[in-house]
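Listed here are the chains, written in short residue letters.
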Amino acid sequence: MAEPAHSLEPVIGLEIHVQLRTSTKMFCGCALSFGEDPNTRTCPVCLGHPGTLPVVNEQAVRFGLMIGLALGCTPAERSLFHRKNYFYPDLPKGYQISQFDVPLCRDGRLGDVRVHRVHLEEDAAKLTHAGASGRIHGAEASVVDFNRGGTPLVEIVTEPDLRSAEAAAEWARLLRATLRRLGVSDVNMDEGSLRVDANVSVRAAGQAVFGTKTELKNMNSFSFLRRGVEAEIARQTQLVGEGGRVEQETLHYDPQSGSLTSLRSKEESHDYRYFPEPDLVALAPAQGLLDEVRAEIPELPAQRAERLRAEHELPEETARLFAFRTELGDLYEQAQENLAAAPGRPAPGLRSGADGGDGGDPRIVANWVKNNLVPRLGDSEPQEWKVTPQALAALVALVADGSISQGAAKQVLDELVANGGEPAQIVEQKGLALAGEDELAGIVERAMEQQADAVEKIRAGNPKAIGAIVGAVMRETKGRADGGEVQRLVREKLGPPA
Amino acid sequence: MTAELGDILEHIEAIQALDLDGVEPTSHVAPLENVLRPDEPRESWERERMLEGAPDASHEGFRVPSPGR
Amino acid sequence: MSADLLELTAAQAAGRVHAGELSPAELFETYRERAASEDLGAFLWVAEEAPETLAGAPLGGVPLAVKDLFCVEGVPTAAASRILEGHRPAYTATSVAKLAQAGAPMLGKTNMDEFAMGSSNENSGFGPVKNPWDRERVPGGSSGGSAAAVAAGLAPWAIGTDTGGSIRQPASLCGIVGLKPTYGAVSRYGMIAFASSLDQAGPLTRDVTDAALLFGHMVGRDPCDSTSLDFPGELGEPSAERLDGIRFGVPANLTGDGVEPGVQQVFESALATIEELGGEVQQIELPNANHGLSAYYLLAPAEASANLARYDGVRFGMRSGNGDLLSMYEDTRGDGFGDEVKRRIMLGTYALSSGYYDALYGKAQRVRTKIAEDFREAFDRVDVIVTPTSPSVAFRLGERTGDPYAMYLSDYFTVPMSLAGIPALSLPGGLSEGLPVGVQLAGPAFSEGRLLDVGHALEHAVGFDGSAARG
C-alpha cells in the first residue's frame, strides 16, 4: 500500500568511529602512524603472526571511558572483548577484536540524541590499489599497508533519534566538537580519524514501528553527510510512496554525482560469529579510575554554550561559535573577565556594578571577537595566535572610554593579530589617538572648503551629502576621528538650516 | 568428510538436550581482570624483516589480488 | 660412555654438569646425533650445533626437544602443517626462551598433529610418528613427537602443549611423565594457537623429578600474554615417599565402560598401591564430566576456527590460487590444511554461526561451568582425583583414522580437566600386553606442587621401567 510522501518521516541513527590519540596501537606497542612509509609501523602482533597475542592499551581504555562518561553513559561493571570474524586482506587475524554484547559504556545522551553504546576496537589495515586508475576493478594487485592496522578505535552508536539530514549533520558537528574538547582524538574527517556512517529509514509519521533501514558509509565531511542522508531519504520516500519496499543494504553516496550505489545487500551480509575473545580478560573499571577519568573531563561544548547563553546572555549563534571553538571561547571569556575586573571607571557604553568591577556587557567583547577578530584570524591555528585576552580587553576599553575611534581600533586589531603587542603602545606608535575637537576643527573646515559642492547639497536639503565631507575628514585623520563627532562639527559649522 | 562430520555432530549435538538455564557461561577460566599495558611506544620492526617470508611482497608491502576481480 | 649418558635423567645429567663431570657440549652432541638419525619420525628439525650454555645455569645445558607448535626465531616452525611450510618466525616463544635462558637449549622441533588437532600424531602434514614401544602403533597426540622422543631416549626431556589431553595422552601411550599445568601458569606467547582458552605448555619427561624441574622454570606471568599469571607459592623438589593422609577420589562415571580391560587392571593396581602408601581412596561424582567431550569438541574447534583464520596466504606461509582474491583464500586453505583441521574448522564455524550459537557454543560454555563446579565440589572432599589417562593403550597406526569420533574418545578422561583449567599429571602405572598405561592425577588450580609430590611417591612404588623403549 503506497504511503503519501508527506506523511512519511525520516528516522536516522549514526554510527561513528573515532581514532584515538594514544601513543601506541590498541593491542601492541607500535607507535601510531601519521603518513609514514607503508609497513614501517608493524610488528608480529599487529601483523597477526602465528603465536602472537594482544595486550590492551591502558590509555585507550581511559579515553574510551572518558568518551562514555562525557556522553552521559553508564560504564559497564565488567565488559568483554569479542572476536568479529570475517576474511579480508586488511584484517590480518581474520577477525577484528571488538566488543559485542557487553560494551565499555552504554545508555547516554548528547543534546537531543540518545547514545546507545560506546565501545573499543581495533582499526583495520589499508588496502591500496596498485592499478593505474586507482580503482578496484581493473587493477591487477593491491598492496596491504598494515601501519594503520591495530590503531585504537572507539565506536559510538546512537539511537535512531534524528529526524532530518540537517539535524544529523548538526549533531555530528556537536559530537566532533565534544570529542575535540576531550582531547581524545584529532577527529579529522578528511584524515579518517572521524568516520560517520548513517542508518536511514522512513516510516509513517507518528508510527512506532521502524521501517527497514539502509546504511550509508564513508561520508567524509559534514556536508556530504547531510547531502547523502538527504538523497537517501528522498530515494526511500519515493520508493515507499510508489508502493515499493526498502531493501536492507549498504550504500555509498557519491557527492559529485549525487548518486547512491549499493555496496552490499542483505543476502551478502556477514554472519560475524561473535564470541568472547579468549586472549583478553574482562575490563572492570574501579570506582577510583572512573572518578579520576571523570575529573579530567573539561567543560564540554554543549555545557559551555548553555552557560554562555544563560549567564553571558550571548545570542545562540555566538554562544555556539565560542562553545564549538574552544580556544576562541577561551579568548573571549578571558578578555571579558579581564575587562570586568578592571578597577575604577565605569566607561560609557559599559554596564557597571556598584564598585565598577563586576560590570561590562559581555556582548560588547563577544561582538568584537565574532565580527572583527574571527575574520582576521582566518584559518590560523590557536597556537599561532598573537593577540592575547589582555590586549583584547584593553582594546575594547580604549574604544569604550573614547580614546580611539572604531576605525582606529580595527587598525590596532590588525596589528595585534599580525604581531601581538599592547593596544596603548600601538595607538601611540601609529598615532591613532582619537582626533580631538581642536585638531578636528581645522580639518573639518578645510574639508568643507574642499568639498564645497557637498556643502551646497547639504544646504539644498540633501543631508546624505555629509558623507563626502566625513569621508574626507576620515582620510585626513587616517580614521582616528569619531564619525559622529565629525558630523556634529560639520553641522555646527553649517549653522542652523536656512 | 560430510559423513564424518555428520557422525561427529550426532554425538556432540546430544548436548543440546541439557537443561542449563540459569547457568553462567564460562568464557575465561583464569581469575583475571584489567590486564593492561602502559601506552609507551617501542620500536616497530623493520619492514624488510616483516616482509621476509611473505608469499608475494613488493618492496613496500604485501601484495594480494585486488578485491572485486 | 654414550649408553651411560642416555640412562641419566635430565636432573641427573644437570647434576653431573654442575659437578664438572660432564660437558654440556658432549651431552648436547650425544643427543643431537640420536635425534638426527632417528627413524620414528619424531623430529621435524634438529639443531646443527650446540649453543653456548651459561656456566651455572640451573638446568645444566640439558638439551630440550620442542614441539613444532612453539615459535623459535629463525627456525622452521610449521605446527606440522603444510600451510606454514618454510615459515621461520621473527621471535621466540616466551616459554622456550625462558628454558633456554635457564640452561635447557633447544635440541630440535618435534613432530605433532597438525595445529595440535589429534590424538595419534597421524594428522601431521609431514608424516606420522611411531611409538618406540611398538613401531606399528601410534605414540598418541598431539605431542606425539615430543613423547616418542623422550620415551626413545632421543631427547632427555621435551615440552609439548595440552589442549584436551595432548601432553597427557601421548605421555600415557609412551610410558613417560606429562604435566598439563593450571591454565595461565605458563605463558602462551609464541605458542601457535589452537584453542586459546584451553592451550597450555608443559613438560614431557622420564620422571616426575624432571617434570618438576622443567616446570619450575616455565611458570610466571608474561606481559605479552594477558591470560598468564604468577604461580602462587614455591615449587619445591618433589620428595614424598608416602601418601598418608592424602585423600584420593575416583570418579564413578569416568571409569569402567569404554576402558580396555588391561588398562582398567593397571589402574586398579595403581589404586591399590596408593592405598598401600597410606592414601585414602574413595568414590566421587563428577556428574557433568560425561558431557565434557561434547563441550570440548564444540568449544575448541570454535576457537580454532578463528585462530586459524589468519592462514590466508597474505603475510606468511603458503599461498595458492589462480590469481583472484577468493581463490587465494580457498585454495591456500584447501591445499594447506589437512582433513582433520578442515573438519574442526567447519565444526567450529557451525557452532558459532547465527542461529546455532546458543544451542551449541553457548551450551558448551555452560557445560564448562558445570564441570568446573563439579571439580570444585569434589575437591572439598578429596585432594587428588585419579583416573586412567587414556581409555586404551597405544592403538595401531591407521586403526582410528577412518572414525574421527572414535579418535576423539581418546580424550575422554583428559578433557574435563582442560575445560576446568585445573592441572593434571600423567605418569606410567604399568604395562598392559607390553604397552604402557598412564595414570592421571588431577588437583585444584595451582596444586602442581602436591600433584608432583604424589606422583613422586607413586612413581617410586610402581617402579616403572621405560628402558625397553630406549633400545
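Computed from a predicted model, the values in this text were never measured in an experiment.

Structural notes on the overall build of chain C
Part 1 of the argument: Tallying secondary structure elements over chain C gives 16 helices and 11 strands in all.
Part 2 of the argument: Since a compact globule built from 471 residues should have a radius of gyration of about 23 Å, the 21 Å found for chain C is in line with a globular shape.
Part 3 of the argument: Judged by the C-alpha coordinates and their principal axes, chain C covers about 65 × 50 × 45 Å.
Part 4 of the argument: Counting only residues that meet the buried cut, chain C has 67% of its 471 residues in that class.
Part 5 of the argument: Within chain C, counting contacts between residues at least 6 apart in sequence, those at least 24 apart form 75% of the total.
Part 6 of the argument: Element-wise, carbon and sulfur atoms account for 47% of the exposed surface of chain C, whose accessible area totals about 14,300 Å².
Part 7 of the argument: For chain C, the distance from the average site of its 35 positive side-chain charges to the average site of its 59 negative ones is 5 Å.

Regarding the overall build of chain B
Part 1 of the argument: Per the secondary structure count, chain B includes 2 helices and 2 strands.
Part 2 of the argument: Secondary structure elements in chain B, listed N-terminal to C-terminal, are α-β-α-β.
Part 3 of the argument: Over its C-alpha atoms chain B spans a radius of gyration of 24 Å, topping by over 25% the 11 Å that the globule rule assigns to 69 residues.
Part 4 of the argument: When the backbone C-alpha atoms are referred to their principal axes, chain B occupies close to 55 × 40 × 25 Å.
Part 5 of the argument: Relative to its 69 residues, chain B shows a buried fraction of 36%.
Part 6 of the argument: Of the roughly 4,100 Å² that chain B leaves accessible, carbon and sulfur atoms contribute 45%.

Topic: the sheet that holds strand β9 (residues 141-145) of chain A
Part 1 of the argument: Here 3 strands make up an open sheet; going across it, the order is β8(A)-β9(A)-β2(B) and the pairing antiparallel. The open sheet has two edge strands with one neighbour each: β8 (126-129) of chain A together with β2 (62-65) of chain B. Neighbour-to-neighbour, the strand axes of this sheet turn through a mean angle of 35 degrees, independent of strand direction.
Part 2 of the argument: Across 4 bridges, β9 of chain A lies against β2 of chain B in antiparallel orientation. Across the sheet, Ala141 of chain A pairs through a bridge with Pro65 of chain B, a residue of β2 of chain B.

Quick notes on the layout of surface pockets
Part 1 of the argument: There is about 1,100 Å³ of room inside the second largest pocket.
Part 2 of the argument: Together, 45 residues line the second largest pocket, and Pro25, Thr26, Ser27 and His28 of chain B together with Gln365 of chain C are the ones closest to its centre.
Part 3 of the argument: Those elements that provide at least two residues to the lining of the second largest pocket are α12 (358-381) and α14 (415-420) of chain C.
Part 4 of the argument: Broken down by element, the residue count for the lining of the second largest pocket peaks at 8 residues, all from α12 of chain C.
Part 5 of the argument: Split by residue class, the lining of the second largest pocket holds 25 nonpolar, 12 polar and 8 charged.

Concerning the interface of chain C and chain A
Size of an interface, as often reported, equals the accessible area lost when the parts are brought together.
Part 1 of the argument: Tallying the contact residues gives 37 residues for chain C and 30 residues for chain A.
Part 2 of the argument: Between chain C and chain A, a total of about 2,700 Å² is buried, with carbon and sulfur atoms accounting for 61% of that surface.
Part 3 of the argument: In terms of surface lost to chain A, no three residues of chain C exceed Ser226, Arg310 and Arg315 of chain C, which account for 23% of the buried area on that side.
Part 4 of the argument: Counting the contacts that link chain C with chain A gives 16 residue pairs in polar contact (both at pLDDT 80 or more).
Part 5 of the argument: When residues of the side of chain C that touches chain A are traced back to their parent elements, those giving at least two are α9 (292-307), α10 (325-336), α11 (339-352) and α12 of chain C.
Part 6 of the argument: Examining the composition of the side of chain C that touches chain A, we find that 4 residues originate from one element, α9 of chain C, more than from any other.

Structural notes on the packing of helix α9 (residues 389-400) of chain A against helix α10 (residues 406-419) of chain A
In a packed pair of helices, the relevant descriptors are the angle between the two axes and the axis-to-axis distance.
All names here are of chain A.
Part 1 of the argument: Two numbers describe how α9 lies on α10: the axes approach to 10 Å, and their chain directions differ by 165 degrees. Here α10 runs roughly antiparallel to α9, going by the angle between their axes. Here α9 runs over α10; the crossing is right-handed. Judged by residue contacts, Ala391, Leu392, Leu395 and Val399 of α9 engage Gln406, Ala409, Val412, Leu413 and Leu416 from α10.
Part 2 of the argument: Looking at the contact of α9 with α10, its residues break down into 8 nonpolar, 1 polar and no charged.

Concerning the pairing of strand β12 (residues 214-219) of chain A
All names here are of chain A.
Part 1 of the argument: Both strand β11 (residues 194-204) and β12 contribute to a ladder of 4 bridges, which runs antiparallel. Of the residues in β12, the one forming a bridge with Val196 is Met219.
Part 2 of the argument: Judged from the 3 bridges that link them, β12 and strand β13 (residues 249-254) form a sheet pairing that is parallel. Its bridge partner lying in β13, Leu216 is registered against Leu251.
Part 3 of the argument: Note that the unit made of β12, helix α3 (residues 222-241) and β13 has a crossover that is left-handed.

Quick notes on the environment of Ile8 of chain B
Part 1 of the argument: Relative to the helices and strands, Ile8 of chain B is located in helix α1 (residues 2-12).
Part 2 of the argument: Its relative accessible area of 0% is what places Ile8 of chain B among the buried residues.
Part 3 of the argument: Those residues within four positions of Ile8 of chain B in sequence are excluded, and the remaining contacts are Arg343, Leu347, Pro404, Tyr405 and Tyr408 of chain C.

Thoughts on the sheet that holds strand β15 (residues 275-276) of chain A
All names here are of chain A.
Part 1 of the argument: Reading across the sheet, the 3 strands line up as β5-β4-β15 and stay open at both edges, with antiparallel pairing between neighbours. Two strands bound the open sheet, and with one partner strand each, they are β5 (95-98) and β15.
Part 2 of the argument: As judged from the 4 bridges shared by strand β4 (residues 82-85) and β5, these two strands associate in the antiparallel manner. Counterpart to Lys84 in the pairing with β5 is Gln96.

As for the nonpolar core
Among soluble globular proteins, nonpolar side chains are generally buried collectively.
Part 1 of the argument: Ranked by size, the top nonpolar core spans 233 residues in total, and within it Leu14, Ile67, Leu120, Ile156 and Leu179 of chain A together with Phe43 and Phe115 of chain C carry the most contacts.
Part 2 of the argument: At 10 residues, the largest contribution of residues to this core is made by α9 of chain C.
Part 3 of the argument: Once you skip the residues sitting within four places of it in the chain, Ile67 of chain A turns out to touch Leu20, Val118, Val154, Ile156, Leu179, Leu182 and Val184 of chain A.
Part 4 of the argument: Val374, Val387, Ala391 and Leu416 of chain A belong to the second-largest nonpolar core, a separate cluster that totals 36 residues.

Brief notes about the interface of chain C and chain B
Part 1 of the argument: Counting residues at the interface gives 49 residues for chain C, matched by 37 residues for chain B.
Part 2 of the argument: Of the roughly 3,700 Å² buried at the junction of chain C and chain B (both faces included), carbon and sulfur atoms supply 70%.
Part 3 of the argument: For chain C, the biggest contributors to the area lost against chain B are Lys363, Arg366 and Tyr405 of chain C; these three give 15% of the whole.
Part 4 of the argument: In this structure, the connection of chain C to chain B is made through 3 salt bridges.
Part 5 of the argument: Asp56 of chain B is paired through a salt bridge with Arg319 of chain C; the nearest N and O atoms lie 3.9 Å apart.
Part 6 of the argument: Put simply, the parts of the chain that give the side of chain C that touches chain B at least two residues each are α9, α10, α11, α12, α13 (404-408) and α14 of chain C.
Part 7 of the argument: Looking at the side of chain C that touches chain B, the element that brings in the most residues is α12 of chain C, giving 10 residues.

Let's talk about the side chain of Asp68 of chain C
Residues and elements named next belong to chain C.
Part 1 of the argument: Mapped onto the fold, Asp68 is located in the loop between β2 (64-67) and α4 (94-102).
Part 2 of the argument: What makes Asp68 buried here is its relative accessible area of 2%.
Part 3 of the argument: Only 3.1 Å separates the side chain of Asp68 from the backbone nitrogen of Ala78, close enough to count as a polar contact.
Part 4 of the argument: Here the side chain of Asp68 touches Ala79 through a polar contact of 3.1 Å, landing on its backbone nitrogen.
Part 5 of the argument: Sequence-distant contacts of Asp68, that is, excluding residues within four places in its chain, are made with Leu44, Pro76, Thr77, Ala78, Ala79, Ala80, Lys109, Thr110 and Met112.

Overview of the confidence of the model for chain B
Part 1 of the argument: Residue-level pLDDT values for chain B average 90, and 97% of them are 70 or greater.
Part 2 of the argument: Across chain B, the element-wise mean pLDDT spans from 86 in α1 of chain B up to 98 in strand β1 (residues 36-37) of chain B.

A short note on helix α1 (residues 58-70) of chain A
The α-helix advances 3.6 residues per turn, and as a result positions three or four apart in sequence lie on the same side.
All names here are of chain A.
Part 1 of the argument: Here α1 is 13 residues long and its end C-alpha atoms lie 18 Å apart, about the 18 Å a rise of 1.5 Å per residue gives.
Part 2 of the argument: Summarising burial for α1: 11 of the 13 residues are buried, a large majority.
Part 3 of the argument: Listed as buried for α1 are Ala60, Val61, Arg62, Phe63, Gly64, Leu65, Met66, Ile67, Gly68, Leu69 and Ala70.
Part 4 of the argument: Capping the start of α1, Asn57 holds a side-chain oxygen 2.9 Å from the backbone nitrogen of Gln59, two or three residues further along.
Part 5 of the argument: With its phi angle positive at about 70 degrees, Gly72 sits one or two positions after the end of α1.

What to know about the packing of helix α12 (residues 437-450) of chain A against helix α15 (residues 483-494) of chain A
Residue and element names in this part refer to chain A.
Part 1 of the argument: Contact geometry of α12 with α15 gives a least axis separation of 10 Å together with a crossing angle of 60 degrees. As far as their axial angle goes, α15 and α12 are oblique. Between α12 and α15 lies a crossing whose hand is right-handed. Of α15, the residues touching α12 (which contributes Glu437, Leu440, Ala441, Val444, Glu445 and Met448) are Glu485, Val486, Arg488, Leu489, Val490, Lys493 and Leu494.
Part 2 of the argument: Tallied by class, the residues present in the contact of α12 with α15 amount to 8 nonpolar, no polar and 5 charged.

What about the pattern of salt bridges?
Part 1 of the argument: All chains considered together, the criterion is met by 58 salt bridges over all chains.
Part 2 of the argument: Of the charged contacts in the structure, one is a salt bridge between Glu415 of chain A and Lys430 of chain A, with a shortest N-O distance of 3.6 Å. Within this pair, whereas Glu415 of chain A is found in helix α10, its partner Lys430 of chain A is found in helix α11 (residues 423-430), the two being separated by 15 residues in sequence.
Part 3 of the argument: Between Arg396 of chain C and Glu136 of chain C there is a salt bridge; the shortest N-O distance is 3.7 Å. Residue Arg396 of chain C is located in the loop between β9 (384-388) and α13, and its partner Glu136 of chain C is located in the loop between β3 (106-110) and α5 (144-151); the two are separated by 260 residues in the primary sequence.
Part 4 of the argument: Classification of Arg396 of chain C as partly exposed rests on a relative accessible area of 39%.

Parameters and conventions
- For every chain, the first residue of its written sequence is number 1, and the numbers climb from 1 along that sequence.
- By the order in which they are written, chains take letters starting at A while ligands take numbers starting at 1.
- The predicted origin of the model limits local features to residues at a pLDDT of at least 70 and limits the giving and counting of side-chain atom pairs to 80 or more, whereas totals for whole chains, interfaces and linings rest on all residues.
- Hydrogens and waters are ignored; side-chain quantities use all the structure's heavy atoms.
- In DSSP terms, a helix is any run of H or I states spanning at least four residues, a strand is any run of E spanning at least two, and both are numbered starting from the N terminus.
- Radius of gyration: C-alpha atoms only; globule rule: 2.2 Å multiplied by the number of residues to the exponent 0.38.
- Any residue under 20% of the maximum accessible area for its type is buried, any over 50% is exposed, and the rest in between are partly exposed; the area is computed with a 1.4 Å probe on protein chains only.
- Contacts between residues were defined by any pair of non-hydrogen atoms, one from each residue, lying within 4.5 Å.
- All accessibility values rest on the Shrake-Rupley procedure with a 1.4 Å probe; residue burial counts only the protein chains present in the view.
- Just so you know, the count uses Lys and Arg for positive and Asp and Glu for negative, and it drops His and the chain ends.
- A charged residue contributes its charge at one atom only: NZ of Lys, CZ of Arg, CG of Asp or CD of Glu.
- Each pair of strands is called paired provided DSSP finds at least two bridges between the two strands.
- Here the axes come from fitting lines to C-alpha atoms, over the contacting stretch only for helices, and the angles between their N-to-C directions go from 0 to 180 degrees.
- Two kinds of site are reported from a 1 Å grid over the protein atoms alone, namely cavities, where a 1.4 Å probe fits but cannot get out, and pockets, open sets with protein on both sides within 12 Å along at least five of seven lines, and residues are called lining when an atom falls within 4 Å of a point.
- Grid points are joined across faces, edges and corners, and a volume is the space filled by probe spheres set on the points.
- Under the grouping applied here, Gly and all other residues not named as nonpolar or charged are polar, the nonpolar ones being Ala, Val, Leu, Ile, Met, Phe, Trp, Tyr, Cys and Pro and the charged ones Asp, Glu, Lys and Arg.
- Reported buried area values correspond to the accessible surface (1.4 Å probe) lost by two parts on association, with both partners' losses combined.
- Whenever a nitrogen or oxygen atom comes within 3.5 Å of another N or O atom, the pair is scored as a polar contact, on the condition that within protein one atom can donate a hydrogen and the other can accept it, and that pairs from neighbouring residues in sequence are kept only if both atoms are in side chains.
- If an angle is under 35 degrees, it is roughly parallel; if it is over 145, roughly antiparallel; if it lies from 65 to 115, roughly perpendicular; otherwise it is oblique.
- Crossings are assigned a handedness: left-handed for a near helix turned anticlockwise from the far helix by less than a right angle, right-handed for a clockwise turn.
- Looking down the strands as they point away from the viewer, one classifies a crossover as right-handed if the path from the first strand across the helix to the second runs clockwise.
- By nonpolar core is meant a set of buried Ala, Val, Leu, Ile, Met, Phe, Trp, Tyr and Cys residues that side-chain atoms within 4.5 Å join together.
- A pair is scored as a salt bridge if a Lys or Arg side-chain nitrogen falls within 4 Å of a carboxyl oxygen belonging to Asp or Glu.
- You can read pLDDT as the predictor saying how much it trusts each residue, on a scale of 0 to 100.
- Helix span, as expected, comes to 1.5 Å for every residue beyond the first.

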